[in-house]
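Coordinates in review
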Amino acid sequence: MTNYGWIGLGNMGGPMTANLVKAGHRVRAFDLNPEACAAAAAEGVEIVENIAAAVLDAEVVFTMLPKGEHVRSVFDGPEGIWANAKTSTLLADSSTVDIETSRFCHEQSAARGFRFVDSPVSGGISGAAAGTLAFMLGGADDAVRDATGFIEPMSGKVIAAGAATAGIAAKICNNMMLFIDLMAASEGSQLAEHLGLDPQVFWEIASVSSARSWAQQTWYPVPGIVPTSAANHNFDATFRVDLARKDIGLALQAGIATGVKLPAAGLVREHLDALIDEGLADKDCSLIVKQVSPDGSV
Ligand code: NAD
């Protein structure tokens, strides 16, 4: 049995910690949201009152938080992880953050005697629930090796991406491709429907044809086709619009830094911004389909 410390019990952190508990581990976790805490407690996660209590005796601490600013605030300061964990504790951030935040965490962890791994994930909440997430790790070899053992109950595949921040760089590229694929699935599903095709039949054709993608398989934005699609539940979020906007923004930021042109990513950003302007930031990112529907209905 391993003692895990965990910060962030949202759409992803909730099911990830549930799998650790199912595998027989002890998880002490903190989240600001009482509803997220209650849901995790029902799965056997021990909810504690602050970060210090979550990390105190942990062999490993994972953070699963929305954005870079949340990660920095949870690590830093007198109430944060660095001030309250033992330096023997391995630190792993699985949030999707900007490369600068990840570098900051690596550098500050090393300066304080901690080992840190960037360990973002792919697979959505369905992968989190099934314990099949793909983890991509960046950091020193020994830290990556040890992190891999701790990750095992949550994961279908762990890939060492390279040195510090390599995991997050891979994640940013991956998610840019994901949201472009989601846009493609949205346009394809709407066009198929308005050409009179049966949505189920078209989805089956795409599934065995060259349009197949993870987004098309898992997030297909038409109700009643794919069980894991948010379209079945009025687009209640499995991956929020504002988090998708954050991720596409991270890719565009990296594009500017490297000189790589990313026109398709720019288009996805425009559509996500339009949803945010309509007050839909909390809905699921597959609601991007609304942007291409002839009358905005889905
Ligand atoms: P979420 O918003 O559902 O959950 C984040 C949780 O962090 C919330 O419960 C919130 O209360 C908590 N939190 C925020 N600030 C905190 C603080 N200071 N202290 C303690 N708790 C705090 O987000 P999510 O969908 O679980 O995503 C988490 C991260 O994983 C994001 O970076 C996201 O981009 C990434 N991600 C999400 C998915 C997905 O499908 N949802 C897939 C892969 C990666």
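Now for a look at the structure at hand. What you are looking at is a predicted structure, and each value in this text was computed from that prediction instead of being measured. (Residues numbered from 1 in each chain as written. Predicted model: local features only at pLDDT ≥ 70, side-chain atom pairs only at ≥ 80, totals over all residues. Heavy atoms only, no water.)

1. What about the overall build of the protein chain?
When its secondary structure is counted, the protein chain shows 13 helices and nine strands. The C-alpha radius of gyration of the protein chain comes to 19 Å, within 12% of the 19 Å expected for a compact globule of 298 residues. With the C-alpha coordinates of the protein chain rotated into their principal frame, the extents come out at 60 × 45 × 35 Å. Evaluated residue by residue, the protein chain yields a buried proportion of 51% over its 298 residues. Considering only residue pairs separated by 6 or more positions, the protein chain has 63% of its internal contacts joining residues 24 or more positions apart. When the accessible surface of the protein chain is summed, it comes to about 13000 Å², and 56% of that surface belongs to carbon and sulfur atoms. (Helix = DSSP H or I, 4+ residues; strand = E, 2+ residues; numbered from the N terminus. Rg over C-alpha atoms; globule rule 2.2 N^0.38 Å. Buried < 20%, exposed > 50% of the residue type's maximum accessible area, 1.4 Å probe, protein only. Contact = heavy atoms within 4.5 Å. Areas by Shrake-Rupley, 256 points an atom, 1.4 Å probe, with all protein chains shown as cover.)

2. Describing helix 10 (residues 199-207)
For helix 10, the full list of buried residues reads Trp-203, Ala-206 and Ser-207. Down the axis of helix 10, the buried side of the element spans an arc of 100 degrees, and every buried residue falls inside it. The inward-facing, buried residues of helix 10 contact helix 11 (214-218). Measuring from the backbone nitrogen of Gln-200 back to the side-chain oxygen at the start of helix 10 gives 2.8 Å, which picks out Asp-198 as the cap. (Arc of directions from axis to C-beta. Polar contact = N/O pair within 3.5 Å; in protein donor to acceptor, adjacent residues only side chain to side chain.)

3. Re the nonpolar core
Ranked by size, the top nonpolar core spans 49 residues in total, and within it Ile-7, Phe-75, Ile-81, Leu-91 and Phe-179 carry the most contacts. Of all the secondary structure elements, the ones that give two or more residues to this core are helix 3 (51-55), helix 4 (68-75), helix 5 (81-84), helix 9 (166-194), helix 12 (241-258) and helix 13 (263-277). Residues lining this core come from more than one domain, with at least three contributed by each of domain 1 (3-164) and domain 2 (169-291). Each residue touching Leu-91, except ones within four places of it in the same chain, is listed here: Val-61, Phe-75, Ile-81, Trp-82, Ser-109, Phe-114, Arg-115, Phe-116 and Val-117. In terms of nonpolar packing, the next biggest core, distinct from the first, is built from 29 residues, Ala-29, Ala-128, Phe-135 and Val-144 among them. (Core = buried A, V, L, I, M, F, W, Y, C linked by side-chain atoms within 4.5 Å. Domains from an automatic or database assignment.)

4. Quick notes on the site of the ligand
As a structural note, the neighbourhood of the ligand is formed by 26 residues, with Met-12, Asp-31, Pro-66, Arg-240 and Lys-246 the closest of them. Here Asn-11 contributes a backbone N or O atom positioned 2.9 Å from an oxygen atom of the ligand. Backbone polar atom of Leu-65 to an oxygen atom of the ligand: 3.0 Å apart, as the coordinates give it. Protein chains shield 91% of the accessible area of the ligand, which is 830 Å² for the free molecule. Counting residues per element, the ones that place at least two in the shell around the ligand are helix 4, helix 7 (124-130) and helix 12. Examining the composition of the shell around the ligand, we find that three residues originate from one element, helix 12, more than from any other. Among the residues making up the shell around the ligand, the classes are represented as 12 nonpolar, nine polar and five charged. Here the shell around the ligand spans two domains, since at least three of its residues come from each of domain 1 (3-164) and domain 2 (169-291). (Near = heavy atom within 4 Å. Nonpolar A, V, L, I, M, F, W, Y, C, P; charged D, E, K, R; others polar.)

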